[in-house]
Amino acid sequence: MSFVHAPISNTISPVHQAAIDLPQQTAIKLAGLDINYQTLSQHIIALSEYLTTAGIDEGEAVACISSNNLTMICLYWACVDIGAIFFPISPRFPIAQVQGLIDTHKIPYYWSEQNAKLANAHELILNINELSQTTTRHNLAKPFDIHRPANVILTSGSSGIPKAAVHCLANHIANAEGARSLIPLEQGDAWLLSLPLFHIGGLAILNRCALVGACVVMPDQTLSLSQQIDQDKLTHMSLVPAQLSTLLADTNSQLKSIKALLLGGGAVSRDLLAHLKQNNIASYTSYGMTEMGSQITTGPALNDGSSGKLLPKRELKIVDGVIWVRGECLFMGYLTASGIDRCVDHEGWFYTKDRGEWDENGNLHILGRIDNMFICGGENIQPEEIEAALKQHPDIDDAIVFAEPDSTFGNLPAAILRGSITRDMATKNLELEAFLADKIARFKRPRQYYPWPEDAEQTGLKVSRKALVASIK
């Protein structure tokens with residue numbers, strides 16, 4: 001499927017601009033190997049030439065079934081260069097689901113880290129080092145329209161079927177510039193790529209770093225997080241509460257190089273926030289979404305559970321308690337069989353389905369998803385409100401609340417907890433009942449608690465609520 005956009009604003013890729021301005025600056029740290037911007041740019045130009053020779057045209061999608069690696073990073077930027085649409089897919093998806101995406105979106109080309117064999121699409125065989133040795137490289141990077149489609153990110157799929165959100169490079173640039181207005185990022189800084197590139201949070205890290213000549217650091221599985229912070233002099237990280245809890249519990253962790261922690265996953269426990277304050281670590285919480293390219297509001301992590309103030313290049317309004325957004329960050333629309341569906345009203349506003357409100361300090365508070373709400377005995381229950389209350393407990397790192405069917409009330413709230421409190425779950429029910437007594441109404445307090453599954457996977461800053469609940473049923 002091809003989507004060609006008329007040129008509006010031409011420029012070269014941020015990676016190639018960094019290669020011109022800062023050729024020897026480290027662009028990627030990978031298992032002890034430092035790759036500078038000049039070398040990375042050459043890799044991308046070589047791959048761009050290969051993709052063009054393979055017959056990939058502007059507007060055609062290229063699926064990438066892979067975990068984070070150098071080839072995947074180069075493939076993203078090469079697609080940006082030639083106008084192809086980078087379409088990353090989790091390698092954990094069953095092959096039938098991947099094939100379904102290939103067929104639904106009529107994706108003509110794919111590259112798989114694991115050499116998956118798919119029908120109805122041409123497999124690309126990529127070897128970055130070999131391509132870089134054979135490329136002519138006499139052609140410099142060419143300017144292109146930054147408003148043409150650049151990538152697809154699959155949403156979390158709260159409706160059960162993930163949607164394919166399309167962004168252009170201009171969306172990503174606007175998001176990165178707005179984010180940098182609050183969380184400074186500059187040449188030589190190092191941001192850990194702890195989030196997958198098939199999630200918007202991971203892709204946002206690539207774009208942020210390239211725009212300022214910062215370094216993307218790949219996680220080293222042979223090291224603990226605290227060891228890698230010290231070894232690679234990490235300055236920025238995106239973490240969920242469980243990762244933060246593990247990091248702060250490491251007595252060997254110095255954290256001296258850390259300039260900023262961007263925390264995801266909703267409300268952060270007071271205990272964790274107190275530890276961060278004791279260590280003088282700048283930490284931030286935010287409200288963001290795939291469709292807006294990542295962050296929308298951001299602010300210092302506070303005990304009130306707020307998500308900060310609106311960042312530049314974004315607009316946000318609340319109508320009947322529900323958030324609408326628009327601005328330069330807003331995606332192009334969802335990829336469908338008939339093209340790109342803009343999914344906005346006549347004034348360009350996008351309906352998020354997130355409930356929210358502003359406080360007296362101008363900070364946004366997220367009250368939960370409309371589609372997460374359930375009814376208990378005739379009363380509306382918003383799971384996120386209960387989760388925020390639970391996470392005020394010092395022994396709870398994370399919580400997910402869901403509806404359990406009940407013959408009398410229709411549904412009753414239940415909770416999945418992560419933290420040291422789960423070591424003695426059977427005797428904790430009464431303690432939690434007392435803990436929540438002055439925080440939420442009686443009918444909102446969970447009747448049943450479950451320990452967080454040990455094998456539960458979290459690849460982004462947001463927990464897959466549906467998958468987590470399904471795993472304990």
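On a predicted model such as this, the values are computed, not experimentally measured, just so you know.

Each value, and the rule that gives it
- Residues numbered from 1 in each chain as written.
- Predicted model: local features only at pLDDT ≥ 70, side-chain atom pairs only at ≥ 80, totals over all residues.
- Heavy atoms only, no water.
- Axes fitted to C-alpha atoms, helices over the stretch in contact; angles between N-to-C directions.
- Helix = DSSP H or I, 4+ residues; strand = E, 2+ residues; numbered from the N terminus.
- Parallel < 35°, antiparallel > 145°, perpendicular 65-115°, else oblique.
- Left-handed = near helix turned anticlockwise from the far one by under 90°.
- Contact = heavy atoms within 4.5 Å.
- Nonpolar A, V, L, I, M, F, W, Y, C, P; charged D, E, K, R; others polar.
- Core = buried A, V, L, I, M, F, W, Y, C linked by side-chain atoms within 4.5 Å.
- Buried < 20%, exposed > 50% of the residue type's maximum accessible area, 1.4 Å probe, protein only.
- pLDDT = per-residue confidence, 0-100.

(A) Expanded view of the packing of helix α3 (residues 70-82) against helix α7 (residues 200-212). With their axes 12 Å apart at the nearest point, α3 and α7 run at an angle of 70° to one another. The angle between α3 and α7 falls in the class roughly perpendicular. In the packing of α3 onto α7, the handedness of the crossing is right-handed. Mapping the contact onto sequence places Ile-73, Tyr-76 and Trp-77 in α3 and Leu-203, Leu-206, Asn-207 and Ala-210 in α7. A breakdown of the residues in the contact of α3 with α7 according to their chemical character gives 6 nonpolar, 1 polar and no charged.

(B) Representation of the nonpolar core within the structure. Core analysis: the largest hydrophobic core is formed by 75 residues, its most contacted members being Leu-40, Leu-47, Leu-75, Trp-77 and Phe-87. Sort the elements by how many residues they give to this core and α3 lands first, with 11 residues. Leu-40 has contacts with Val-15, Ala-27, Ile-28, Ile-35, Leu-70 and Cys-74, leaving out every residue within four places of it along the chain. In this structure, Ile-258, Leu-261, Val-268 and Leu-276 belong to the second largest nonpolar core, which totals 21 residues.

(C) Spotlight on the confidence of the model for the chain. With 92% of its residues at a pLDDT of at least 70, the chain reaches an overall mean of 88. Confidence, expressed as mean pLDDT per element, reaches its minimum in the chain at helix α5 (residues 128-134) with 78 and its maximum at strand β12 (residues 215-217) with 98. Segment residues 1-7 is flagged for pLDDT under 50; beyond a separation of four residues in sequence, or across chains, it makes 28 contacts in the model.

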